[in-house]
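# Understanding the architecture of this molecule
This is what each chain is made of:
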Amino acid sequence: MATLEAVRQVLSGALPRFGCFDLSFSKVNGLISVQSGVNNTRKSSVCAQVHKHSRISKDRRRICAFQARNGVFHGKNDVSRLNSISCKCQKAESLTGATAKDQHRDLLADSSDKATLIPPNGITSPGINEFEVDQQLKHEKGGFGSNGKPATAGKHKDFTQKVRTNSIEDEAWKLLKNSMVYYCNNPIGTIAANNPSSTSTLNYDQVFIRDFIPSGIAFLLKGEYDIVRNFILHTLQLQSWEKTMDCYSPGQGLMPASFKVRTVPLDGDDFATEDVLDPDFGEAAIGRVAPVDSGLWWIILLRAYGKCSGDLSVQERVDVQTGIKMILKLCLADGFDMFPTLLVTDGSCMIDRRMGIHGHPLEIQALFYSALLCAREMLAPEDASADLKRALNNRLVALSFHIREYYWIDMRKLNEIYRYKTEEYSYDAVNKFNIYPDQIPSWLVGFMPSTGGYLIGNLQPAHMDFRFFSLGNLWSIVSSLATLDQSHAILDLIEAKWDELVADMPFKICYPALEGQEWQIITGSDPKNTPWSYHNGGSWPTLLWQLTVACIKLNRPEIAAKAVGLAEKRISLDNWPEYYDTKRARFIGKQAQLFQTWSAAGYLVAKLLLANPSAAKNLVNEEDSELVNAFSCMISSSPRRKRGWKKQILV
């Protein structure tokens, strides 16, 4: 009883509250720590006030442990003393007298006029909703007609569907809120998955930069900006500055793949704790591959935050400007590669396992192009950035030319490749990469429609990866890396090949899957990437949001609406899986995590954008007229004069 009374007094303001002041960081060996127990004699950065040896501090820890049991995640899933006190970072002031469960209920009430409470397991009871609908219709319309059938059957069906849709959205918001992670009393991100019945979490209990992007955009579209701001600033502090793996540096400016909030006791003080951000740059990941896309997504989210919130002060901060420049310098560094595309290893993006995408995968190039445009828009106009902006503009022009000219394939280009001559040595060679016509796979002949086309997955000397990669193509539309005609052609292809790319659940991550001996050789017989599963042709609901942004940009939202409608039939009943298996996506992925955060977030972003299409302008990159002119100059110039063209741009 004494504990409950202390709870009420703390929440009501009767007792002192412990909160955070302005952030100050202490970076040691890649860890960011914030101390919660402080003595004036300590020589370290301080964020929270002292937890004295008192009854108040003990009660406060119990309060936070109570909140954690209501769905807020902190630290590991193992039951331990550290976890029981790691929830202290949920700030009392932000609750204003309400528990975490009350917050979730308030959120659900805001998201729909007819919202229903969602049980803790995240599964709704459609029977209850249908009963309530029936009662309301009978009351309003007088029950049944003379033929014994409902007098308002059509309206009943529509209203039932509306209530069910609202219920799915409410459930998605609840899942998203329950996945939030707190650091020094402030929300800092969302974990990858939050399945209450799973004992095997692997690294799904961490905050991944790429996974948080749809979560962050959902919060931005909902007007909840603090969590995105905190995420941007805290992940910036984790940016690579020193060696992290086997004495090799991942490169100054690299952003981590993920991080975890750990709460540990302070040495010499039994009642004080500190929060520590523990980043992973790939040294603990399966395959030990550093993420190339994390920094690119970080820049894209930073721009989206400024556009949605109107708060440009974050991107104007000195440390943020420095972070942008470090990412750009890492990506724009000279090397042995002569292509304007980024050269990366297998597994360095969303497809984070061996799938034969090493080299110059389309997904990285589309994100790279988008990040360059976003960075150019946000960089402060100062003399120190002049050289960087010049290099940035040069790369933008060369990259757009390279992708549009050499990665594009449609029926006309396929016929051209089919008649390629090989072993051409000259500046004006048609087959510049010495592609052999026999590389054209048999499946492509039947897959390519008469109208429509797409950007291939990869291009290297004597090698073209003809697979269709969804994220790369969709983000090429969003970022204007593809031309307007090419963008419409990509959506034309999606419509023409709906059964192959969408089927029963959007959206295939790539098509087709690697099978047989090809799967054995390219993936190393990966038991998780078996044909039509996971990254090897699996269907990922999170791709709904990229599809929706691309469709709205081209004023074709009906395509995205159709895909969202398909997802709504199953995704909630299936407990929000990470991915689906089989050609038609009829099975939940054999190793898929349930209650996957970015599956729910991707669905929410799609719904929010379809309800308010004008908000998509905050996420897209419009084509730059200067780039178009420079691109035209490249096409019109002869191969020998292209060497002199670069000098003209640099002046």
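Residues numbered from 1 in each chain as written. Predicted model: local features only at pLDDT ≥ 70, side-chain atom pairs only at ≥ 80, totals over all residues. Heavy atoms only, no water.

- Where an unreviewed UniProt entry is consulted, the protein chain appears under the name Alkaline/neutral invertase, with the organism given as Prunus yedoensis var. nudiflora.
- Listed in UniProt under the heading Function (unreviewed entry), the comment for the protein chain reads: "Invertase that cleaves sucrose into glucose and fructose."
- For the protein chain, the Sequence similarities (unreviewed entry) comment in UniProt is given as "Belongs to the glycosyl hydrolase 100 family." (UniProt positions renumbered as here; feature names shortened; annotations may be inferred.)

### Considering the overall build of the protein chain
- Looking only at helices and strands, one finds 24 helices and 13 strands in the protein chain.
- When burial is assessed residue by residue, the protein chain has 56% of its 651 residues classed as buried.
- Summed over all atoms, the accessible surface of the protein chain reaches about 28600 Å², with 52% contributed by carbon and sulfur. (Helix = DSSP H or I, 4+ residues; strand = E, 2+ residues; numbered from the N terminus. Buried < 20%, exposed > 50% of the residue type's maximum accessible area, 1.4 Å probe, protein only. Areas by Shrake-Rupley, 256 points an atom, 1.4 Å probe, with all protein chains shown as cover.)

### Points about helix 14 (residues 411-418)
- Burial in helix 14 covers these residues: Lys 413, Leu 414 and Ile 417. In a view along the axis of helix 14, the buried residues occupy a sector of 105°, so they form one face of it. Structural note: helix 14 exposes Arg 412 and Tyr 418 on the side pointing more than 90 degrees away from its buried face.
- Where helix 14 is buried, its residues touch helix 13 (386-407), strand 8 (408-410), helix 15 (442-447) and strand 10 (463-469). (Arc of directions from axis to C-beta. Contact = heavy atoms within 4.5 Å.)

### Quick look at the nonpolar core
- By size, the foremost hydrophobic cluster in this structure holds 162 residues, and its most contacted members are Trp 298, Ile 324, Tyr 454 and Ile 494.
- Here this core takes 12 residues from helix 12 (residues 362-378), the largest share from any one element.
- Excluding residues within four positions of it along the chain, Trp 298 makes contact with Ile 232, Thr 235, Leu 236, Met 255, Val 320, Ile 324 and Ile 327. (Core = buried A, V, L, I, M, F, W, Y, C linked by side-chain atoms within 4.5 Å.)

### Some thoughts on the packing of aromatic side chains
- Applying the stated criterion to the full structure yields 20 aromatic pairs.
- An angle of 40° between the planes, with centres 6.4 Å apart, marks the rings of Phe 231 and Phe 259 as tilted. Residue Phe 231 is located in helix 8 (residues 226-237), and its partner Phe 259 is located in strand 6 (residues 258-265); the two are separated by 28 residues in the primary sequence.
- Residue Phe 231 is classed as buried on the basis of its relative accessible area of 0%.
- Exposure remark for Phe 259: the relative accessible area of 0% places this residue in the buried category.
- Ring plane angle 50° and centroid distance 5.8 Å describe the contact between Tyr 511 and Trp 532, whose orientation is recorded as tilted. Placement of Tyr 511 in strand 11 (residues 510-511) and of Trp 532 in the loop between helix 19 (516-523) and helix 20 (544-553) is noted, with a sequence separation of 21 residues between them. Accessibility assignment for this pair places Tyr 511 and Trp 532 in one class, buried. (Phe/Tyr/Trp six-rings, centres within 6.5 Å; stacked < 30°, edge-to-face > 60°.)

### Thoughts on the pattern of salt bridges
- Under the definition given, this model contains 21 salt bridges.
- Two residues, Asp 205 and Lys 260, come together in a salt bridge whose shortest N-O distance is 2.9 Å. Taken as a pair, Asp 205 in the loop between strand 4 (186-190) and strand 5 (207-208) and Lys 260 in strand 6 lie far apart in primary sequence, 55 residues in all. This pair shows no difference in class: Asp 205 is buried, exactly as Lys 260 is.
- In this structure, Asp 319 and Arg 317 form a salt bridge, with 2.8 Å as the shortest nitrogen-oxygen distance.
- Given the relative accessible area of 31%, Arg 317 is considered partly exposed.
- Each member of the salt-bridge network shares a partner with another, and the members are Glu 169, Glu 568 and Lys 607. (Salt bridge = Lys/Arg side-chain N within 4 Å of Asp/Glu carboxyl O.)

### Some details on unusual backbone geometry
- Between Pro 506 and the following residue, Phe 507, the backbone shows a cis peptide bond with an omega angle of 10°.
- Here Phe 507 shows up in the loop between helix 18 (498-501) and strand 11.
- With omega at -5°, the peptide bond leading from Tyr 511 into Pro 512 counts as cis.
- Here Pro 512 shows up in the loop between strand 11 and helix 19.
- Of note, Ser 480 is a non-glycine position whose phi angle comes to about 65°, a positive value.
- Mapped onto the elements of the fold, Ser 480 is located in the loop between helix 16 (470-478) and helix 17 (484-496).
- Given a relative accessible area of 5%, Ser 480 falls into the buried group.

### Topic: the environment of Leu 392
- Of note, Leu 392 is situated in helix 13.
- Here Leu 392 falls in the buried class, since its relative accessible area comes to 0%.
- Taking C-alpha positions, Leu 392 is 9.8 Å from Tyr 369, a pair spaced 23 residues apart along the chain.

### Quick notes on the pairing of strand 6
- Pairing of strand 5 with strand 6 involves two bridges; the strand directions are antiparallel. Its bridge partner being in strand 6, Val 207 is matched across the sheet by Phe 259.
- For strand 6 and strand 7 (residues 273-280), the ladder comprises eight bridges, and the chain directions are antiparallel. Opposite Val 261, over in strand 7, you have Leu 277 as the bridge partner. (Pairing = 2+ DSSP bridges.)

### Brief notes about empty space enclosed by the protein
- Under the definition given, this model contains five cavities of 30 Å³ or more.
- Size it by volume and the largest cavity reaches roughly 100 Å³.
- What lines the largest cavity is a set of 15 residues, among which Ile 351, Ile 357, Pro 361, Glu 363 and Phe 469 lie closest to the centre.
- Elements that contribute at least two residues to the lining of the largest cavity include exactly helix 12, strand 9 (453-460), strand 10 and helix 16.
- Ranked by residue count, the leading element in the lining of the largest cavity is helix 16, at three residues.
- Approximately 70 Å³ is the volume found for the second largest cavity.
- For the second largest cavity, the full set of lining residues is Arg 210, Pro 214, Asp 293, Trp 297, Met 350, Glu 363, Leu 471, Thr 542, Trp 545, Gln 546 and Trp 598.
- Considering only residue class, the lining of the second largest cavity consists of six nonpolar, two polar and three charged. (1 Å grid on protein atoms, 1.4 Å probe; cavity = no way out; pocket = protein on both sides within 12 Å on 5 of 7 lines; lining within 4 Å. Points joined across faces, edges and corners; volume = space filled by probe spheres on them. Nonpolar A, V, L, I, M, F, W, Y, C, P; charged D, E, K, R; others polar.)

### As for the environment of Leu 484
- Note on placement: Leu 484 falls in helix 17.
- For Leu 484, a relative accessible area of 52% gives the class exposed.
- The spacing of Leu 484 and Glu 623 is 139 residues in sequence and 8.9 Å in space, taken between C-alpha atoms.

### Describing the pairing of strand 4
- Burial analysis of strand 4 places five of its five residues in the buried class, the great majority of the element.
- Taken together, the four bridges between strand 3 (residues 180-183) and strand 4 define a ladder with antiparallel strand orientation. Residue pairing across strands places Tyr 183 opposite Asn 186, the latter belonging to strand 4.
- Adjacent in sequence and paired antiparallel, strand 3 and strand 4 are bridged by two residues, among which Cys 184 carries a positive phi angle near 55°.

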